[in-house]
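So the chains spell out like this:
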Number of protein chains: 2
Amino acid sequence: MTQDDSPPAAAQPDRFAHAREAQAVALLEDYVEMIGDLMAELGEARVADIALRMGVAQPTATKAVARLKREGLAVSRPYRGVFLTDSGAELADRVRARHRTVVAFLVAVGVPEEVAELDAEGMEHHVSATTLRAFEAFLAEKG
Amino acid sequence: MTQDDSPPAAAQPDRFAHAREAQAVALLEDYVEMIGDLMAELGEARVADIALRMGVAQPTATKAVARLKREGLAVSRPYRGVFLTDSGAELADRVRARHRTVVAFLVAVGVPEEVAELDAEGMEHHVSATTLRAFEAFLAEKG
DNA sequence: TTTTAAATATAGCCGTGGCTATATCGCATG
DNA sequence: CATGCGATATAGCCACGGCTATATTTAAAA
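Our subject in this report is the structure included herewith. (Residues numbered from 1 in each chain as written. Chains lettered and ligands numbered in written order. Predicted model: local features only at pLDDT ≥ 70, side-chain atom pairs only at ≥ 80, totals over all residues. Heavy atoms only, no water.)

## Observations regarding the overall build of chain A
- Along its length, chain A carries six helices and two strands.
- Along the chain direction, N to C, the helices and strands of chain A fall in the order α-α-α-β-β-α-α-α.
- Relative to the globule expectation of 15 Å for 143 residues, the C-alpha radius of gyration of chain A, 19 Å, shows a markedly less compact shape.
- With the C-alpha coordinates of chain A rotated into their principal frame, the extents come out at 65 × 45 × 25 Å. (Helix = DSSP H or I, 4+ residues; strand = E, 2+ residues; numbered from the N terminus. Rg over C-alpha atoms; globule rule 2.2 N^0.38 Å.)

So this is what it looks like as structure tokens:
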């Protein structure tokens, strides 16, 4: 209208859809990883501990567990501990490994440890398999 | 209960709170950047174009604009275009610069262009000022 | 000028992910 | 074996960020 009559460029909405998608699974990944940690440390994951570590109120953790169960990532009986299914455990392992790689990579390019830990928590969910492999390659040859 | 009686480690819930916080502003950042782009290209940002580029329905874009106005990042009169405030424009510039840096950095460490673009869209919102500086330093000396 | 089409706004719905308050259950203890 | 406490679940609230359907307004065309 002011200076350009070209169409508004039916642009790249997919990029954003993609990021939204990643965000949708991010929380599930965090919860699954945390439950995996708790199972490794304590033998079981209790809702109270999940809530404590995630920094949320207990009913919020309960709701999250319900979602995990719906997604087939966890199982639990009322008033008992929460356990990961096979696919949940597999996801937890992948998430944990990715987290470690991202942190190590950030540190390798000069980010201070604590900052790397903080930033990785949000970044990791958006790191694709391709990018993760690039990080690993970088660490391998520059280690 | 099973093997460890130590307290469940009143862990690092702050990490997650931090990531949640970053997520909260991520969408606002995307909208602001997009509006900045549209203003630069077309002289004004219309809700329809914002919706088109963000890949959302038009009422979703309208709602987002309302939020931007509440946050003091944009202004608009009913049925007219949307414009950024000074602080909105400043934010748009910062976001755009950060986006470019993150993409360039990913490419520099071996991530294919298109993947870098895709991953950056989600990652960038979690890249702290410290990490961004590390990326810039890396690019500078490794250019 | 009147009519119509396109753009914007509004209403109302859904799921997510937080919260507080409260009910219910399980277990250890008395 | 009763009871009380801690852990879990449920109810119900809120804001966000999507959506569709519909009303309203602007702008263009007849």
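Okay, back to it.
## Section: the protein's contact with DNA strand D
- Around DNA strand D sit 20 residues, and of these A:Gln58, B:Ala57, B:Thr60, B:Lys63 and B:Arg67 come closest.
- The share of sugar and phosphate among atoms of DNA strand D within 4 Å of the protein is 63%.
- Taking A:Ala48, its main chain carries an N or O atom lying 3.0 Å from a phosphate oxygen of DNA strand D.
- In this structure, a phosphate oxygen belonging to DNA strand D sits 2.7 Å away from a side-chain N or O atom of B:Thr60.
- Of all the secondary-structure elements, those providing two or more residues to the surface near DNA strand D are helix H2 (47–54) and helix H3 (58–70) of chain A together with helix H1 (13–42) and helix H3 (58–70) of chain B.
- With five residues, the top contributor of residues to the surface near DNA strand D is H3(B).
- Here the residues of the surface near DNA strand D sort into eleven nonpolar, three polar and six charged. (Near = heavy atom within 4 Å. Polar contact = N/O pair within 3.5 Å; in protein donor to acceptor, adjacent residues only side chain to side chain. Nonpolar A, V, L, I, M, F, W, Y, C, P; charged D, E, K, R; others polar.)

## Structural notes on H3(B)
All names here are of chain B.
- Helix length check: H3, at 13 residues, gives a terminal C-alpha distance of 19 Å against a target of 18 Å (1.5 Å per residue), a fit within 8%.
- Among the residues making up H3, those that are buried are Ala61, Ala64, Val65 and Leu68. Buried residues of H3 fall within an arc of 105° about the axis and therefore sit on the same side. Facing away from the buried side of H3 by more than 90 degrees, the exposed set consists of Pro59, Lys63 and Arg70.
- Residues of H3 that are buried make contact with H1, helix H2 (47–54), strand S1 (74–76) and strand S2 (82–84).
- Among the residues trailing H3, Gly72 stands out with phi positive, at a value near 75°. (Expected span 1.5 Å × (residues − 1). Buried < 20%, exposed > 50% of the residue type's maximum accessible area, 1.4 Å probe, protein only. Arc of directions from axis to C-beta. Contact = heavy atoms within 4.5 Å.)

## As for the relation of the copies chain A and chain B
- Rotating chain A by 180° and moving it 0.0 Å along the rotation axis overlays it on chain B with an RMSD of 0.0 Å. In short, the pair behaves as if placed about a two-fold rotation axis. In terms of C-alpha distance to the rotation axis, chain A has A:Met123 as its closest residue, with the C-alpha 2.4 Å off the axis.
- A symmetric contact is evident, with 100% of the interface residues of chain A recurring at the interface of chain B. (Least-squares fit on C-alpha atoms with pLDDT ≥ 70 in both.)

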